[in-house]
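Below, each chain spelled out in residue letters.
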Amino acid sequence: LSPSLVGIQVFQGNKIINIGNFNGERGYTIIDARGGLIVPGFIDINSRIDICCRIFDADRGQDLLKSGVTTAIGGNNGFSFAPLINKKSIDLIRNLISEPLNINWSSVGEFLDYLVKRKLAVNFGTLTGFSTLRTAITGDALGDLTESELLLIKNSLSQSLREGAFGLSADLSFPPGKYVHHHEF
């Protein structure tokens, strides 16, 4: 570490508000972190917290905090818990997870609202899964999408982005992503 980054850090709530030497100023709680690091938190951008159902269990992701992860991004590898357009997309998610789950949302906005009420231990964001969208429209069919099917996917993705999804995820090594033409993306 650069010597300019070593020193005393002053926190207010959960924010670092000052770094430096304060020459014996009083009124602060002192935590000796010598031999350790103080970091603002790690972002797990390839999290499986959703598919592994860790956001739904009693722990609510607290185990991630013990590893220094403060933010997790779900909806990776083409699969997301929203939007759930129809029974096909709900069945897809239920087949991916090993635990029973009461799914009482359909849109990304409803899913994120549900997670806010659960009071997760970490910040959570989601991508919209291409496989989730495509399976809702075509089931297991691997042929080319029609123009109307492609428009349904585009509209669903646009709505998901407006409701808070960070982007689109896809996995090109497994079906259906493995067999689709790139123009669908």
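Check the entry above for the structure.
Values in this document were obtained by computation on a predicted structure and should not be read as measured data.

A. Quick peek at the layout of surface pockets. Its volume calculated, the second largest pocket comes out at about 200 Å³. Those elements that place two or more of their residues in the lining of the second largest pocket are α3 (108-118) and β5 (123-126). A per-element tally of the lining of the second largest pocket places α3 first, with three residues. Of the residues belonging to the lining of the second largest pocket, the class tally is nine nonpolar, two polar and no charged.

B. Quick look at the pattern of salt bridges. Considering all chains together, one arrives at one salt bridge under this definition. In this structure, Asp-91 and Lys-87 form a salt bridge, with 2.9 Å as the shortest nitrogen-oxygen distance. With a gap of four residues between them, Asp-91 and Lys-87 both fall in helix α2 (residues 87-96), about one helical turn apart. Take Asp-91: its relative accessible area is 30%, and that puts it in the partly exposed class.

C. A look at the pairing of strand β4 (residues 69-74). Along β4, five of the six residues are buried, which leaves the element largely enclosed by surrounding structure. Pairing of strand β3 (residues 42-44) with β4, which is carried by three bridges, proceeds in the parallel orientation. Each residue of the ladder has a partner; that of Ile-43, found in β4, is Thr-71. As defined by bridge partners, β4 adjoins β5 across four bridges and the pair is classed as parallel. Looking at β5, one finds that Ala-72 is bridged to Phe-124.

D. Highlighting the packing of helix α4 (residues 130-138) against helix α5 (residues 147-162). Where α4 contacts α5, the two axes come as close as 10 Å, and the packing angle between them is 140°. Viewed along their axes, α4 and α5 adopt a mutual orientation that is oblique. Crossing of α4 against α5: the hand is right-handed. Judged by residue contacts, Leu-133, Arg-134, Ile-137 and Thr-138 of α4 engage Glu-149, Leu-152, Ile-153, Ser-156 and Leu-157 from α5. Per-class residue counts for the contact of α4 with α5 are five nonpolar, two polar and two charged.

E. Representation of the nonpolar core in the model. If you look at the biggest cluster of nonpolar residues, it comprises 25 residues, and the most contacted ones within it are Ile-55, Phe-56, Phe-81, Trp-105, Phe-111 and Phe-124. Those elements that place two or more of their residues in this core are β4, α2 and α3. In terms of residues, this core owes the most to one element, α3, which gives four residues. With residues near it in sequence (within four places) discarded, Phe-124 still touches Ile-49, Asp-50, Ile-55, Ala-72, Ile-73, Gly-74, Phe-111, Leu-112 and Leu-115. In terms of nonpolar packing, the next biggest core, distinct from the first, is built from six residues, Ile-137, Leu-145, Ile-153 and Leu-157 among them.

F. Summary view of the side chain of Thr-138. As for its placement among the helices and strands, Thr-138 is situated in helix α4. You can call Thr-138 buried: its relative accessible area is 16%. Residues within four places of Thr-138 in sequence aside, it is in contact with Lys-88, Leu-145 and Glu-149.

Conventions we followed
- Residues numbered from 1 in each chain as written.
- Predicted model: local features only at pLDDT ≥ 70, side-chain atom pairs only at ≥ 80, totals over all residues.
- Heavy atoms only, no water.
- 1 Å grid on protein atoms, 1.4 Å probe; cavity = no way out; pocket = protein on both sides within 12 Å on 5 of 7 lines; lining within 4 Å.
- Points joined across faces, edges and corners; volume = space filled by probe spheres on them.
- Helix = DSSP H or I, 4+ residues; strand = E, 2+ residues; numbered from the N terminus.
- Nonpolar A, V, L, I, M, F, W, Y, C, P; charged D, E, K, R; others polar.
- Salt bridge = Lys/Arg side-chain N within 4 Å of Asp/Glu carboxyl O.
- Buried < 20%, exposed > 50% of the residue type's maximum accessible area, 1.4 Å probe, protein only.
- Pairing = 2+ DSSP bridges.
- Axes fitted to C-alpha atoms, helices over the stretch in contact; angles between N-to-C directions.
- Parallel < 35°, antiparallel > 145°, perpendicular 65-115°, else oblique.
- Left-handed = near helix turned anticlockwise from the far one by under 90°.
- Contact = heavy atoms within 4.5 Å.
- Core = buried A, V, L, I, M, F, W, Y, C linked by side-chain atoms within 4.5 Å.

Function cannot be read off these values alone, since they describe shape.
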